[in-house]
Amino acid sequence: MAGAIASRMSFSSLKRKQPKTFTVRIATMDAEMEFSCEVKWKGKDLFDLVCRTLGLRETWFFGLQYTIKDTVAWLKMDKKVLDHDVPTEEPKTFHFLAKFYPENAEEELVQEITQHLFFLQVKKQILDEKIFCPPEASVLLASYAVQAKYGDYDPNVHKRGFLAQEELLPKRVINLYQMTPEMWEERITAWYAEHRGRARDEAEMEYLKIAQDLEMYGVNYFAIRNKKGTELLLGVDALGLHIYDPDNRLTPKISFPWNEIRNISYSDKEFTIKPLDKKIDVFKFNSSKLRVNKLILQLCIGNHDLFMRRRKADSLEVQQMKAQAREEKARKQMERQCLAREKQMREEAERTRDELERRLMQLKEEATMANEALMRSEETADLLAEKAQITEEEAKLLAQKAAEAEQEMQRIKATAIRTEEEKRLMEQKVLEAEMLALKMAEESERRAKEADQLKQDLQEARESERRAKQKLLEITSKSSYTQSMNSSTTALPSDLPSFNLISESLSFDFKDTDMKRLSMEIEKEKVEYMEKSKHLQEQLNELKTEIEALKLKERETALDILHNENSSRGNSKHNTIKKVS
């Protein structure tokens, strides 16, 4: 009895010691994960767990987002998860998203997973029209998205209609032109075919390099009022703070770069921006909710920290990550070159094999035709021989009859005819017999000539038969040689290096010479990039001109009109910010 009580007590004590947990669902741009978290966990504990699961090291760009009362909020790292205003029901859902954007994606985004998450998020924002994108740039971005998903263009695989189920263009762009889905696909595919050789990460980076120059890229907008009560929009991004008209999110009226801001503060709903230059007036504005003020301050602090961090030397961790990324990039480039060589060798071997197979089939057809000709020659020779034999027998028979007629004539001549009538009749019979004998002789001579001609034809037929046999022997010898060549060539691909690369063959020792060579390649890539950029701009202008005639002017949005005005003035995102700073 005492033992049973002790066991129950120990079980209850163990049960009490188990920490209380709750379930969390984390949604990334392309996946969902569920975790069991302890009640005491802070935001950082959950955030670190998600980053470890994803293999993400560039954590400073990201955060866990949730929605409370129609307002976006971010999980605070130093606050318990359950102390946030999150719904009580489980699982509690958070979205793992980019909270801060880089100024230059190519220089700042090191890990491939970081690039991929940014690509998916920016692509969704463009398709959802949260980032304005002009039509011609939308087509170019769509072509890079297709390259990232499908790899190199292959006309035998990527046939007409293969993009029918893909969402690649904003609905605003589709509605703006009198163009069918097939026409859009044709233009996207034309650019997609030019991206041949780009890996997924390269295509995604090209997408981000184009997208980061769009005016609304990376900007968080908030409705505010200035001291006079005028409704405005505040934009917070990687470059600074920007003030917009509510109807124009493309061109800011005023900009405050981070390096020109001395202090940002808020009291209740009033926000104050103090410029570094004391001669410039302090800018004050009000927002609708205290919660929004807190979010604005979070974004300001995070973006300012990253702005200053970019202008300092990289930390040891970032240096290590960049070095690893360079090595990984070089390794992948070597892999791709090796695979390209193998692919080329396989294609050449396959072409050679196909050519030999075609030649073998041709020789087989020639052999079949020669064999048929031989059979026909043999049949003709047999027929001619038979006909010659019959003609010869007929000639013999005629000669025999002629001899018999001659004998009969001699017998008749020798017979004495007493009466004149009998003599006349006999002479007539003799004359008839002579004429018959003459005809018999002529027929015999004709038959003899015909027999000679048939013998000559027979000899020619046999000569043709001999030549046909000789040609068949030659073709047969060629076929055996071709088969031996074909068997050796067909076996060639199995001897080629496999696509399954051994890790030992891909280990690299990066010496000073390698790094110098790599830096030279980078310089070369920069020059090529400038040339490609010029070519790209020309292509964009060509596409814009091409589809301009199909545009429905009455469907243009306010942002379309503003963008066209900015383009006609030669204004871009960066020079506009410089002008209004």
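The protein is annotated in an unreviewed UniProt entry as Merlin from Alaudala cheleensis.

Participant: Would you take a moment to explain the layout of surface pockets for this structure?
Facilitator: Where empty space is left in the structure can be found by rolling a water-sized probe over the atoms. Here the second largest pocket defines a volume of roughly 960 Å³. Gln65, Val72, Gln125, Lys130 and Asn220 are the residues nearest the centre of the second largest pocket, which is lined by 35 residues in total. Mapped onto the lining of the second largest pocket, the elements with two or more residues apiece are strand E4 (71-74), strand E5 (92-98), helix H4 (112-127), strand E6 (220-226) and helix H9 (290-310). With four residues, E6 is the single largest residue contributor to the lining of the second largest pocket. Among the residues forming the lining of the second largest pocket, the class breakdown is 18 nonpolar, nine polar and eight charged.

Participant: Hey, could you run me through the pattern of salt bridges in this one?
Facilitator: Opposite charge on two side chains makes pairing possible when the charged atoms of those side chains draw close. Per the stated rule, a full pass over the model turns up 23 salt bridges. Ionic pairing is found between Lys44 and Asp48, a salt bridge with its closest N-O pair at 2.7 Å. With Lys44 and Asp48 both in helix H2 (residues 43-54), this residue pair falls four residues apart, about one helical turn. Judged by relative accessible area, Asp48 falls into the partly exposed class, the value being 22%. For the salt bridge of Asp128 with Lys124, the shortest nitrogen-to-oxygen distance reads 2.6 Å. In this structure Asp128 comes out as partly exposed when scored by relative accessible area, which is 36%.

Participant: What should I look at first to understand the packing of aromatic side chains in this one?
Facilitator: Between two aromatic rings, the relevant description is the distance of the centres plus the angle of the planes. Under the counting rule described, the total for this entry stands at 18 aromatic pairs. Geometrically, the ring pair formed by Tyr177 and Trp184 is edge-to-face, given 5.8 Å between the ring centres and 85° between the ring planes. An aromatic cluster is built from Phe47, Trp60, Phe61, Phe62, Phe96, Tyr101, Phe118 and Tyr217, whose rings are joined through pairwise contacts. The ring of Trp60 has Arg309 sitting right over it, with the charged end atom 4.1 Å from the ring centre. The ring of Phe307 carries the charged tip of Arg311 above its face, separated from the ring centre by 3.6 Å.

Participant: What's the story with the UniProt feature "binding site: a 1,2-diacyl-sn-glycero-3-phospho-(1D-myo-inositol)" (unreviewed entry) in the protein in this structure? I'm lost.
Facilitator: UniProt's entry tags Lys76, Met77, Asp78, Lys79 and Lys294 with the feature "binding site: a 1,2-diacyl-sn-glycero-3-phospho-(1D-myo-inositol)" (unreviewed entry), counted in the numbering of this structure. Here Met77 is to be found in the loop between E4 and E5. If you trace the backbone, Lys79 turns up in the loop between E4 and E5. Setting aside its immediate chain neighbours within four residues, Lys79 contacts Lys42, Gly43 and His84.

Participant: Whenever I open this one, the nonpolar core confuses me. Can you help?
Facilitator: In a soluble, globular protein the nonpolar side chains are often hidden away together inside. If you look at the biggest cluster of nonpolar residues, it comprises 100 residues, and the most contacted ones within it are Ile26, Leu46, Phe94 and Phe96. Beyond its immediate sequence surroundings of up to four residues, Phe96 is in contact with Ile26, Ala27, Thr28, Phe47, Val50, Cys51, Leu54, Leu56, Phe62, Gly63, Leu64 and Leu117.

Participant: For this particular structure, what's the right way to read H9?
Facilitator: Given 3.6 residues per helical turn, the α-helix brings residues three or four places apart onto the same face. For H9, built from 21 residues, the straight-helix expectation of 30 Å at 1.5 Å per residue is met to within 8% by its first-to-last C-alpha distance of 30 Å. Along H9, the residues that are buried comprise Val292, Asn293, Leu295, Ile296, Leu299, Cys300, Gly302, Asn303, Leu306 and Phe307.

Participant: Teacher, can you tell me more about the pairing of strand E12 (residues 283-287) here?
Facilitator: Consecutive side chains along a regular strand alternate between the two faces of the sheet. Going residue by residue along E12, you find Phe283, Phe285 and Ser287 tucked away on one face and Lys284 and Asn286 left uncovered on the opposite face. Pairing of E6 with E12, which is carried by three bridges, proceeds in the antiparallel orientation. Across the sheet, Asn226 pairs through a bridge with Phe285, a residue of E12. Sheet topology note: the strand E11 (residues 270-275)/E12 ladder contains four bridges and is antiparallel. Bridge pairing links Phe271 to Phe285 in E12.

Participant: Could you clarify how one ought to interpret the confidence of the model for the protein in this entry?
Facilitator: Regions with low pLDDT carry predicted coordinates that are not meant to be interpreted in detail. Residues with a pLDDT of 70 or more make up 84% of the protein, whose mean pLDDT is 81. For the stretch residues 1-15, pLDDT sits under 50, and the model shows zero contacts to residues farther than four places along the chain or on other chains.

Participant: Could you clarify how one ought to interpret the packing of helix H5 (residues 135-150) against helix H8 (residues 200-211) in this entry?
Facilitator: Packed helices, taken two at a time, are described by the angle their axes make and the gap between the axes. With their axes 8 Å apart at the nearest point, H5 and H8 run at an angle of 160° to one another. One way to sum up the angle between H5 and H8 is to call them roughly antiparallel. When you trace H5 past H8, the crossing you get is left-handed. Contact residues: Leu140, Leu141, Tyr144, Ala145, Gln147 and Ala148 in H5; Arg200, Ala203, Glu204, Glu206, Tyr207, Ile210 and Ala211 in H8.

Participant: It is not clear to me how H2 should be interpreted in this structure. Could you clarify?
Facilitator: For H2, built from 12 residues, the straight-helix expectation of 16 Å at 1.5 Å per residue is met to within 8% by its first-to-last C-alpha distance of 17 Å. Listed in full, the buried residues belonging to H2 are Gly43, Leu46, Phe47, Leu49, Val50 and Cys51. Of the surrounding elements, those touching the buried residues of H2 are strand E1 (21-27), strand E2 (32-38), strand E3 (62-68) and E5. Gly55 sits one or two residues past H2 and shows a positive phi near 75°.

Participant: Where do I start with the sheet that holds E12 in this structure?
Facilitator: Strand-to-strand pairing in sheets goes through backbone hydrogen bonds, with the strands running parallel or antiparallel. Ordered in space as E9-E8-E7-E6-E12-E11-E10, the seven strands form an open sheet in which the pairing is antiparallel. The open sheet has two free edges, formed respectively by strand E9 (254-257) and strand E10 (261-267), since each of these has just one partner strand. Averaged over neighbouring strand pairs, the angle between their axes works out to 30° when direction is ignored. Bridge count between E6 and strand E7 (residues 231-236): six bridges; the pairing is antiparallel. Each bridged residue has a counterpart across the sheet, and for Tyr221 the counterpart in E7 is Gly235. Across the face of the sheet, H9 comes into contact with E6, E7, strand E8 (240-244), E10, E11 and E12 while running at roughly 160° to E10.

Participant: Looking at this structure, I do not really get the pairing of E4. What am I missing?
Facilitator: By the bridge criterion, four bridges tie E3 to E4 in an arrangement that is antiparallel. By the bridge assignment for E4, Gln65 is matched with Trp74. In this antiparallel pair of consecutive strands, E3 and E4, the connection spans two residues, and Lys69 shows a positive phi of 55°.

Participant: Help me understand the packing of H5 against helix H7 (residues 181-192), please; the structure alone is not making it clear to me.
Facilitator: Running from N to C, H5 and H7 cross one another at 65°; their axes reach a closest spacing of 8 Å. Every pair of crossing elements has a handedness; the one defined by H5 and H7 is right-handed. Together, Glu136, Val139, Leu140, Ala142, Ser143, Val146, Gln147 and Tyr150 of H5 and Trp184, Arg187, Ile188, Trp191 and Tyr192 of H7 make up the contact between the two elements. Considering only residue class, the contact of H5 with H7 consists of nine nonpolar, two polar and two charged.

Participant: Sorry, what's going on with the sheet that holds E2 here?
Facilitator: A sheet is described by the order of its strands in space; here five strands give the open sequence E2-E1-E5-E3-E4, paired in mixed fashion. In this open sheet, the two edge strands, each paired with only one partner strand, are E2 and E4. Between one strand axis and the next, the sheet turns through 35° on average, direction left out of account. The pairing of E1 with E2 spans seven bridges and is classified as antiparallel. Bridging from a neighbouring strand, Ile26 pairs with Met33 of E2. Across the sheet, H4 lies against E3 and E5, angled at about 105° from E5, the strand it touches most. Helix-sheet contacts for H9 involve E3 and E4, and the interaxial angle to E4 is about 45°.

Conventions used here
- Residues numbered from 1 in each chain as written.
- Predicted model: local features only at pLDDT ≥ 70, side-chain atom pairs only at ≥ 80, totals over all residues.
- Heavy atoms only, no water.
- 1 Å grid on protein atoms, 1.4 Å probe; cavity = no way out; pocket = protein on both sides within 12 Å on 5 of 7 lines; lining within 4 Å.
- Points joined across faces, edges and corners; volume = space filled by probe spheres on them.
- Helix = DSSP H or I, 4+ residues; strand = E, 2+ residues; numbered from the N terminus.
- Nonpolar A, V, L, I, M, F, W, Y, C, P; charged D, E, K, R; others polar.
- Salt bridge = Lys/Arg side-chain N within 4 Å of Asp/Glu carboxyl O.
- Buried < 20%, exposed > 50% of the residue type's maximum accessible area, 1.4 Å probe, protein only.
- Phe/Tyr/Trp six-rings, centres within 6.5 Å; stacked < 30°, edge-to-face > 60°.
- Lys NZ or Arg CZ within 6 Å of the ring centre and 35° of its normal.
- UniProt positions renumbered as here; feature names shortened; annotations may be inferred.
- Contact = heavy atoms within 4.5 Å.
- Core = buried A, V, L, I, M, F, W, Y, C linked by side-chain atoms within 4.5 Å.
- Expected span 1.5 Å × (residues − 1).
- Pairing = 2+ DSSP bridges.
- pLDDT = per-residue confidence, 0-100.
- Axes fitted to C-alpha atoms, helices over the stretch in contact; angles between N-to-C directions.
- Parallel < 35°, antiparallel > 145°, perpendicular 65-115°, else oblique.
- Left-handed = near helix turned anticlockwise from the far one by under 90°.

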